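# Observations on the three-dimensional arrangement
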Amino acid sequence: MTRRPVDIGDPDRLYTITGGRSRADDAFDLVTLIVSESAPRAGMQSEHARILDLCRHPTALVEIAAEMKLPITVMRILLGDLLAMGRISARHPPPPRPQAALPDSALLLEVLHGLRNL
Amino acid sequence: MTGLLLSAAAAGTAVATAPAAARTWTMVTAVAAWCCVAVTVLVFALLLRRTRRSADSKDAEVVRLTARSAQQSAESAYLANVTVPALVSLLRKGAGAKEAQEQVNLPTDTQLLEIVQVFSSAMEQVVQHAASSDSELRRAREELAQVNQEVEQVTRALLPDMVTRLREGNSADTVLAEWEWPPSSLLRAPVEVFVRDLARSERRGAAAQVASARALSRVQAKTVSMLADLRDMQERHGEEVFGDLLKLDHSTSQLGLLTDRLALLMGGRSSRAWNKPIVMESILRGAAGRIAAYQRVRLHCSTSAAISGFAAEGVMHLIAELMDNAANFSPPIDEVHVYVDEHSAGLVVTIEDSGLKMADAAMRHAEEAVAGHMTDLASLPGTRLGLAVVGGLATKYGISVNYRPSSRGGTGVVVLLPRQLLAQRRDTAPKKTSARPAVAAAESTRAALPETAPAEGGDAPLSPPASAPTSAAALAPSSPAATGETLTPGSSARRAAATPNGLPVRAPGRTMAEAEQDRRDRRAGAEPPAAGDTPAQAPHVARDAGSRFGAFHAGRTSTGEDGPSGTGAGPLPEPPSAQ
């Protein structure tokens, strides 16, 4: 017989946590910062309550996932629920600057040459 | 005589009157005629005399014979009325024929005597025969009564006793040797045959049960390892296969329920055993996850009570069976609602469906099944094995399961989990705070409060409380001296059970798995060790400084190192360096 300690985990399976959903909307990426808008309420799903606890300060999605030991997909689904309920807000990281704001490639080439010539 | 004289006178007259010539002739004729008459008269007289004499003798004989016949009839009447009854009564009393004949007046007539003798000997035989058949009958009756008694004893007492002892696992020889048989028992052979045959079938049944339990335990082990593997895969793989993995996970969980159900019926064990208290929400979700229609189950659980590890699996299986039953017997679009209430007697779990109301007979049947009366495999129905398992589990853990009509129109099941199945509440509060130690100390103070006192927390603002005693106890788990009063021995041992080098110390009663888990936590938290802290305090304080990074790192490696995961792992290494 196996001596593996298989029963140290939790008895609830991931599909019961997500209610059978396996697709998350794309509102969150790994580094989206999440901050809770209210304290957990009695009668909430325990995962939601924990997320609200963890996100009193802005916390990255990936960090919450690691803390709660849940896959990223599940986290996104749960956060999607909370976002839909208005209990959290998501702060996306600053988007990459637009193309026009970047220096000209010719200028960069010149800098490169100058550096090489040093 | 006078005739003779008259004829002689007539002849003399004739002779006298006759002429002389004719006288001689007349005289001769007259003499001759007279002689004839005389002879005739004499002959007649003789004949008459003889006849008279014989008539006399005949008369005498008639008289004699009449007397004799009278005597004989008197004798036969005596024989019929006196002798024969006397003889019969004597013979009936058991006297021999000779003896009896001596005591009665025998008839003088030889024929009658003969008749009496023949009769008495025949009668004697008859009486003897009757006596012998009488005694035979009596003996037969006695035997019959004895046999009856034996049969009764065997059926009433012996066979049930033997069957019970056989069921207890004794061998046929042991059981048979315990019974003292009367020497001439007719029933011995059939009973022995019966007992041996029954013992063989019992043995066969037990062997089949053990074999199937053993086979099922392999399936169970496989199922559990499959579930663990699936969970691993769910961690590793991204969104593309996640849904399929969940589907597989669900199928495997249902398989687990089926095998567990059979295993429990076969006297085996559940596939899983939890070594820690399981909170009620997890119990309900674990139960719902094992049935096909888990998406129709609505859980209403606001309690934070937990079921002790030893009973958690049993409770979960019991609730899963009841949910399965409720879901199967309600329309496929209706929901099954599960409520949990906490009472002083324990936790009350109510499972309500809105299906058709159960018929009275079905309800009674279900009640009987869940009362644990159907312990015999032979009396199980072909379907609805689940309720029999519920009965077994309810009896084992002292859970009461009751059916009642539901206010939703269907059927409700009320499950009362007695208090001894619940884990101590104190156990769960420190566990929760230690479960998320990455949050900084100040945060964990705030975080601990709504967990330990969710009722008063509610939608309270996020401002930290001044100094709540509960949060203080939860905040300072590193000083066992201060928390020794509030913490259970188990949880305080969990914190201190390690050598300074981080090797786990296995306290009595803890499983290796849990110790291993602790060690892993400790190692993850202790990456940048804080100087000056005692080893027991180190993990928690150290987590404050480094755990954010550690958790981030762990999250990155777990998603990033397995190649494309579809969760946006590509740009992951960039942000830290970009900032």
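Residues numbered from 1 in each chain as written. Chains lettered and ligands numbered in written order. Predicted model: local features only at pLDDT ≥ 70, side-chain atom pairs only at ≥ 80, totals over all residues. Heavy atoms only, no water.

An unreviewed UniProt entry annotates chain B as histidine kinase originating from Streptomyces humidus.

Bringing the sheet that holds strand 1 (residues 33-36) of chain A into the picture now. Residues and elements named next belong to chain A. Taken in spatial order, the 3 strands of this open sheet run 2-1-3, and their pairing is antiparallel. The two strands at the open ends of the sheet, each matched to only one other strand, are strand 2 (59-60) and strand 3 (88-91). With 2 bridges joining them, strand 1 and strand 2 adopt antiparallel strand pairing. Pairing of I34 across the sheet is with T59, part of strand 2. (Pairing = 2+ DSSP bridges. Helix = DSSP H or I, 4+ residues; strand = E, 2+ residues; numbered from the N terminus.)

Below, the discussion takes up a nonpolar patch on the surface. Residues A:L107, A:V111, A:L115 and A:L118 make up a contiguous nonpolar surface patch of roughly 440 Å² in combined accessible area. Relative to the assigned elements, A:L107 resides in helix 5 (residues 105-117). (Patch = residues over 30% accessible without salt bridge, like charges linked within 9 Å, V, L, I, M, F, W, Y side chains within 5 Å. Areas by Shrake-Rupley, 256 points an atom, 1.4 Å probe, with all protein chains shown as cover. Salt bridge = Lys/Arg side-chain N within 4 Å of Asp/Glu carboxyl O.)

This brings us to helix 7 (residues 239-265) of chain B. Relative to the 39 Å expected for 27 residues at 1.5 Å per residue, helix 7 of chain B spans 39 Å between its end C-alpha atoms, a close match to the ideal helical length. Positive phi shows up at B:G267, right after helix 7 of chain B, with a value of about 85 degrees. (Expected span 1.5 Å × (residues − 1).)

So, about the pattern of salt bridges. On inspection of all chains with the given rule, the structure shows 21 salt bridges over all chains. For the salt bridge of B:D197 with B:R200, the shortest nitrogen-to-oxygen distance reads 2.7 Å. Here B:D197 pairs with B:R200, and both are found in helix 6 (residues 188-236), just 3 residues apart, close to one helical turn. Judged by relative accessible area, B:D197 falls into the partly exposed class, the value being 43%. A residue is classified by how much of its surface remains accessible, and B:R200, at 42% relative accessible area, is partly exposed. Connected through shared salt-bridge partners, A:D12, A:E47, B:E281 and B:R285 make up one network. (Buried < 20%, exposed > 50% of the residue type's maximum accessible area, 1.4 Å probe, protein only.)

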